[in-house]
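# An overview of the molecular structure
The residues making up each chain are set out below.
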Amino acid sequence: MYENLNDTTTDAGIRAEGLGKRFGDFTALEDLDLVVPKGSVLGLLGHNGAGKTTTIRILTTLSVPTTGSATVAGFDVISQGAEVRKRIGVAGQSATVDGLLTGRANLEMVGRLYGMSKKDAAERADELLNRLGLTDAADKLVKEYSGGMRRRADLAATLVSTPPVLFLDEPTTGLDPASRNDLWEVLREQVAEGVTVLLTTQYLEEADRLADEIVVLDHGKVAAAGSPSQLKQRVGGDRIEVTLADAADAGPAAEALAGFAENEVHSDPGQGLVTAPVRAGTRLVEVVRSLDAAGIDVTDVHRRDATLDDVFLSITSNPKVEAHS
Amino acid sequence: MSETLILARRNLEHVRQIPEKLIDVTLQPLMFVLLFAFVFGGVIAVPDGDYKEYLIGGILVQTLAFGLMGPGVAIATDLGEGMIDRLRSLPIRRSSYLTGHIMAEMAATLLAIAVLSGAGLLVGWGIESSLPEAIGAYGLLVLFAFAMIWLGTLIGTMARSTDVVTGIAFMTVFPLTFLSNAFVPTESLPDGLRQVAEWNPISCVVAAVRTLFGNPTAIPGDAAWPLEHPVVASIGWCVLILAIVVPMTVRAFNRRTTD
Ligand SMILES: Nc1ncnc2c1ncn2[C@@H]1O[C@H](COP(=O)(O)OP(=O)(O)O)[C@@H](O)[C@H]1O
Ligand SMILES: [Mg+2]
């Protein structure tokens, strides 16, 4: 997919060039290039303050960029804001539904504001409430909803007009795993119908599961970009994390782990922690055996998913492969 | 236009959902009516008539002045939460938000005026003037309410929280309405306070409403100019407030909803 980035037929999706945003002296976003072909998902990955929300606000016409330009669904976000707004659905970071209206009233209001008739708005509201499992709570005030329900109501409001381009700002932050899975499923359905999605997340796993392309933002700059498999290749898959009984063993432990690693082993002697991105199929017992054979005493060995921090760690320790944008 | 109505309906729905909002502009002034009419009324003398007839104009104006709180809190809430972003991402004109908001607040205000007039009639207040004058009185009340709603909207737009709005409302409206002729004739006030009360725009609006309803005004013979020409002065005050506050609000709203 990455090879198709310059394909001009992708104009119906999202395209940004040299996008930047300054707040006074502070640069929140710098020189961001993006192409999201129609019907694909771009995951914007980054810690708090990386510039994710800033990017979404610019692309959804809520904020004007200080540099660069962007088109959404083929329309310029600065000069054709009204056209853009007709074609997008936005789920903001703080759930943007009215707490003092019922779930149903929220959706009906949004539908009416899109110019739907009363009847159409009511039907669409019913349909979405049903789809997102909110039928039982439809006539309760949104302020009484749980966090997960509020998110779902928010997503429903975002989908009211059946928009061809969706923006979701950290849609699963604060959700329990079950609600997160539900939401992922709704998103996949949308994508299957040809909807273009830009979502932000702080979780590598989420970007990996949902996105066709990932852009990693760090302090407003692109730190890495590529498909999940490209990123995986660079970052490595699962991690094996070893906690040493004696921090002085960090060196030998890293050597012992190197045999299983598909990428650089990272040791943090200060914490007595050694982390290795391990090849698929590596067995934990073998790791423990080889540590034991090297005479290293450990207090904990476990396997975990790679995280965003691992991405940054591997980027900074392999600066050569960083450049990609 | 229909966007405006849809958004106005949303605000009115809020009033239905949080009855406190309505209580502020109905039950609370009713308490004032009862308290002043029956508890303090006996000890406050109005030279040119009955205290109950005097009182209602004051309470009407005080209620409308406090009416700046509702719109202030409403807009501060929308700006503080993500709601305004949701609305701004929809294909509607940005101005419909403000017009819908003002429209809903005006509707709530009309209800408050009606409830208070009814309560007044029950405790012995009455309209003693001609029909055109009575219409003028209600017209002035509506104009004043309109100015206060815009003022509240400005405060709410600039405030960073709803607490700031209620804080400002209490800190300004309470002193302004009590340092006026709303509840006691200015003549009974000590020197210094009396001058403040007579130049206070609230006094002037209260006096104008009383004049137009044909109620006792208790305007002293040597009152300050605005009190001697209350109707003209009140209209002047309202127009002045609107001329300053409306453009400021629109600018503040546009600024807060950009970026
Ligand atoms: N309106 C603003 N004024 C000043 N600084 C801002 C404003 N909005 C965002 N920022 C700053 O820009 C940076 C990026 O913010 P944001 O895009 O919200 O990050 P993210 O969504 O990735 O957490 C942060 O450091 C934030 O404090
Ligand atoms: Mg954010």
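All of these numbers come straight from a predicted model, not from anything done at the bench.

Across its full length, chain B holds 13 helices and 0 strands. Ordering the α and β elements of chain B from the N terminus gives α-α-α-α-α-α-α-α-α-α-α-α-α. The C-alpha radius of gyration of chain B comes to 19 Å, within 12% of the 18 Å expected for a compact globule of 259 residues. Expressed along its principal axes, the backbone C-alpha trace of chain B runs to roughly 60 × 35 × 35 Å. A total of 259 residues make up chain B; the buried ones form 54% of that total.

Before going further, it helps to spend a moment on the interface of chain A and chain B. Opposite the 28 residues of chain A that make contact, chain B presents 22 residues. In this assembly, chain A packs against chain B so that about 2,200 Å² is buried in total across both faces, 62% of it on carbon and sulfur atoms. Contact with chain B buries area across many residues of chain A, yet L62(A), L100(A) and L113(A) alone supply 29% of it, more than any other trio. Inspection of the region where chain A meets chain B yields 3 salt bridges. Linking D98(A) and R10(B) is a salt bridge whose minimum nitrogen-to-oxygen distance equals 2.5 Å.

Moving on: the site of ligand 1. Residues and elements named next belong to chain A. Taken together, F23, F26, A28, H47, N48, G49, A50, G51, K52, T53 and T54 are the residues near ligand 1. Within the backbone of G49, an N or O atom sits 2.6 Å from an oxygen atom of ligand 1. Interatomic distance of 2.7 Å between a side-chain N/O atom of T53 and an oxygen atom of ligand 1. Computed on the free molecule, ligand 1 has an accessible area of 560 Å², of which 62% lies beneath the protein chains in the complex. Taken together, the elements giving at least two residues each to the shell around ligand 1 come down to β2 (26-36) and α1 (52-59). When residues of the shell around ligand 1 are assigned to their parent elements, the largest contribution, 3 residues, is made by α1.

What follows is about the pairing of strand β6 (residues 88-91) of chain A. Residues and elements named next belong to chain A. Burial along β6 is two-sided: the residues I88 and V90 and G89 and A91 are all buried. Two elements, β6 and strand β7 (residues 165-168), share 4 bridges in a ladder whose sense is parallel. When the bridges of β7 are listed, V90 appears paired with F167.

Let us look at a nonpolar patch on the surface. All names here are of chain B. Nonpolar side chains collect at one region of the surface, where L34, L35, F38, V39, F40 and V43 lie side by side and expose about 580 Å² of accessible area between them. Here L35 lies in helix α3 (residues 27-40). For L35, a relative accessible area of 36% translates into the label partly exposed.

Domain boundaries assigned for chain A yield domain 1 (6-232) and domain 2 (238-304). Here the C-alpha centre of domain 2 of chain A lies 39 Å away from the C-alpha centre of domain 1 of chain A.

All names here are of chain A. At this site the magnesium ion (ligand 2) is bound by T53 (OG1) and Q93 (OE1), with donor distances of 1.9 to 2.2 Å. Taken together, the residues span a long stretch of sequence, with T53 in helix α1 and Q93 in the loop between β6 and α3 (103-113) at a distance of 40 residues. On the accessibility criterion, T53 (28% relative accessible area) is partly exposed.

Let's shift gears to the pairing of strand β9 (residues 213-218) of chain A. Residues and elements named next belong to chain A. Of all the 6 residues making up β9, 5 are buried; the element is thus mostly covered by neighbouring parts of the structure. Pairing of strand β3 (residues 41-45) with β9, which is carried by 4 bridges, proceeds in the parallel orientation. Bridge pairing links L44 to V215 in β9. Here β9 pairs with strand β10 (residues 221-226) via 5 bridges, running antiparallel. Looking at the pairing, V215 lines up with A225 of β10.

A separate point is the nonpolar core. One broad trend across soluble globular proteins is that nonpolar side chains are buried collectively. If you look at the biggest cluster of nonpolar residues, it comprises 66 residues, and the most contacted ones within it are L107(A), L113(A), V216(A) and L87(B). Sort the elements by how many residues they give to this core and helix α5 (residues 147-159) of chain A lands first, with 6 residues. What V216(A) contacts, discounting residues up to four positions off in sequence, is L45(A), K221(A), V222(A), A223(A), A224(A), L231(A), L308(A), V311(A) and F312(A). Core analysis: the second largest hydrophobic core is formed by 55 residues, Y51(B), Y54(B), M148(B) and A182(B) among them.

With 12 residues, helix α5 (residues 69-80) of chain B ought to run about 16 Å at 1.5 Å a step, and its terminal C-alpha atoms sit 16 Å apart, in line with that. Burial in α5(B) covers these residues: M69(B), P71(B), G72(B), A74(B), I75(B), A76(B), D78(B) and L79(B).

Residue and element names in this part refer to chain A. Under the definition given, this model contains 21 salt bridges over all chains. A salt bridge links K52 to E170, with the nearest nitrogen and oxygen atoms 3.5 Å apart. Of this pair, K52 sits in helix α1 while E170 sits in the loop between β7 and α6 (177-192); the two residues are 118 residues apart in sequence, bridging distant segments of the chain. In this structure, R303 engages D238 in a salt bridge whose closest nitrogen and oxygen atoms are separated by 3.4 Å. Note that R303 is positioned in strand β14 (residues 298-304) and D238 in the loop between α8 (228-235) and β11 (239-244), a separation of 65 residues in sequence. Shared partners join several salt bridges into a network, and the residues in it are E83, K86 and R87.

Residues and elements named next belong to chain A. Read across the sheet, 4 strands follow the order β12-β13-β11-β14 without closing on themselves; strand pairing throughout is antiparallel. Single-partner strands in this sheet number two, and they are β12 (266-268) and β14. Between one strand axis and the next, the sheet turns by 15° as a mean value, whatever way the strands run. Packed on one face of the sheet, helix α9 (residues 250-258) meets β11, β12 and β13 (273-277) and runs near 15° to β13. In the packing of helix α10 (residues 284-293) onto the sheet, the strands contacted are β11 and β14, and the crossing angle to β14 comes to about 150°.

Thresholds, definitions, all that
- Residues numbered from 1 in each chain as written.
- Chains lettered and ligands numbered in written order.
- Predicted model: local features only at pLDDT ≥ 70, side-chain atom pairs only at ≥ 80, totals over all residues.
- Heavy atoms only, no water.
- Helix = DSSP H or I, 4+ residues; strand = E, 2+ residues; numbered from the N terminus.
- Rg over C-alpha atoms; globule rule 2.2 N^0.38 Å.
- Buried < 20%, exposed > 50% of the residue type's maximum accessible area, 1.4 Å probe, protein only.
- Contact = heavy atoms within 4.5 Å.
- Buried area = accessible area lost by both parts, 1.4 Å probe.
- Salt bridge = Lys/Arg side-chain N within 4 Å of Asp/Glu carboxyl O.
- Near = heavy atom within 4 Å.
- Polar contact = N/O pair within 3.5 Å; in protein donor to acceptor, adjacent residues only side chain to side chain.
- Areas by Shrake-Rupley, 256 points an atom, 1.4 Å probe, with all protein chains shown as cover.
- Pairing = 2+ DSSP bridges.
- Patch = residues over 30% accessible without salt bridge, like charges linked within 9 Å, V, L, I, M, F, W, Y side chains within 5 Å.
- Domains from an automatic or database assignment.
- Donors = N, O, S within 2.8 Å, 3.2 Å for Na, K, Ca; no water.
- Core = buried A, V, L, I, M, F, W, Y, C linked by side-chain atoms within 4.5 Å.
- Expected span 1.5 Å × (residues − 1).
- Axes fitted to C-alpha atoms, helices over the stretch in contact; angles between N-to-C directions.

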